[in-house]
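Here is how the chains run, residue by residue.
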Amino acid sequence: MPLVFLGDFLYDYDTQREDLAEVGRHLADRQYQAVDNLEGASPGRRRLRRTVVLQQSDAAVEALKSISCKAVCLSNNHVMDWRRDGLE
């Protein structure tokens, strides 16, 4: 099973839907399994005081499914932007 590692997954999923579908078709044609760096967590109640705070929209899960993503990695510099609530 060939793996492909994708980085910094954070999009405006509504406007990038077709682009992501094309990536998904490309990966499926080659039978790749995707592992992604999920840049930004789901928002929690309290965020850290930073100038750049990233968050995923609710559409992130469907976008990950559309590219046949099998696993995500949260180890990046934005993992705790929304504290423990966002990480969980």
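Residues numbered from 1 in each chain as written. Predicted model: local features only at pLDDT ≥ 70, side-chain atom pairs only at ≥ 80, totals over all residues. Heavy atoms only, no water.

Colleague: Can you explain a nonpolar patch on the surface? Please cite residues and give values.
Modeller: Taken together, Val72, Leu74, Met80 and Leu87 make up a surface patch of nonpolar side chains, about 280 Å² in accessible area. Inspection of the secondary structure puts Met80 in the loop between strand S3 (69–73) and helix H3 (83–87). (Patch = residues over 30% accessible without salt bridge, like charges linked within 9 Å, V, L, I, M, F, W, Y side chains within 5 Å. Areas by Shrake-Rupley, 256 points an atom, 1.4 Å probe, with all protein chains shown as cover. Salt bridge = Lys/Arg side-chain N within 4 Å of Asp/Glu carboxyl O. Helix = DSSP H or I, 4+ residues; strand = E, 2+ residues; numbered from the N terminus.)

Colleague: Explain the nonpolar core to me, and be specific about the residues and the numbers.
Modeller: Soluble globular proteins tend to bury their nonpolar side chains together. Counting residues in each nonpolar core, the largest one holds 12 residues, listed as Val4, Phe9, Tyr13, Leu20, Leu27, Ala34, Leu38, Ala60, Ala63, Leu64, Ile67 and Cys69. Mapped onto this core, the elements with two or more residues apiece are strand S1 (3–9), helix H1 (17–29), strand S2 (33–38) and helix H2 (60–66). For this core, the element with the highest residue contribution is H2, accounting for three residues. Beyond its immediate sequence surroundings of up to four residues, Leu20 is in contact with Phe9, Tyr11, Tyr13, Ala63, Ser66 and Ile67. (Core = buried A, V, L, I, M, F, W, Y, C linked by side-chain atoms within 4.5 Å. Buried < 20%, exposed > 50% of the residue type's maximum accessible area, 1.4 Å probe, protein only. Contact = heavy atoms within 4.5 Å.)

Colleague: I'd like to hear about the sheet that holds S1, residue by residue, with values.
Modeller: Strand order in this open sheet of three strands is S1-S2-S3, and the pairing throughout is parallel. Because the sheet does not close on itself, it has two edges, and the strands there are S1 and S3. Each strand axis lies, on average, 25° off the axis of its neighbour in the sheet, ignoring direction. Sheet topology note: the S1/S2 ladder contains five bridges and is parallel. Bridging from a neighbouring strand, Val4 pairs with Ala34 of S2. (Pairing = 2+ DSSP bridges. Axes fitted to C-alpha atoms, helices over the stretch in contact; angles between N-to-C directions.)

Colleague: Pulling in residues and values, what's your account of the environment of Cys69?
Modeller: If you trace the backbone, Cys69 turns up in strand S3. On a C-alpha basis, the gap between Cys69 and Asp36 in space is 6.9 Å, while along the polypeptide they are 33 residues apart. Cys69 has contacts with Ala34, Asp36 and Leu64, leaving out every residue within four places of it along the chain.

Colleague: Could you give me a rundown of unusual backbone geometry, with the residues and numbers involved?
Modeller: Backbone geometry follows two general trends: most residues other than glycine have a negative phi, and most peptide bonds adopt the trans configuration. A positive phi is found at Gln31, a non-glycine position, where the angle reads about 55°. Tracing the chain through its elements places Gln31 in the loop between H1 and S2. Given a relative accessible area of 60%, Gln31 falls into the exposed group. Phi angles above zero are rare outside glycine, and Ser68 is one such case at about 55°. Locating Ser68 in the fold gives a position in the loop between H2 and S3.

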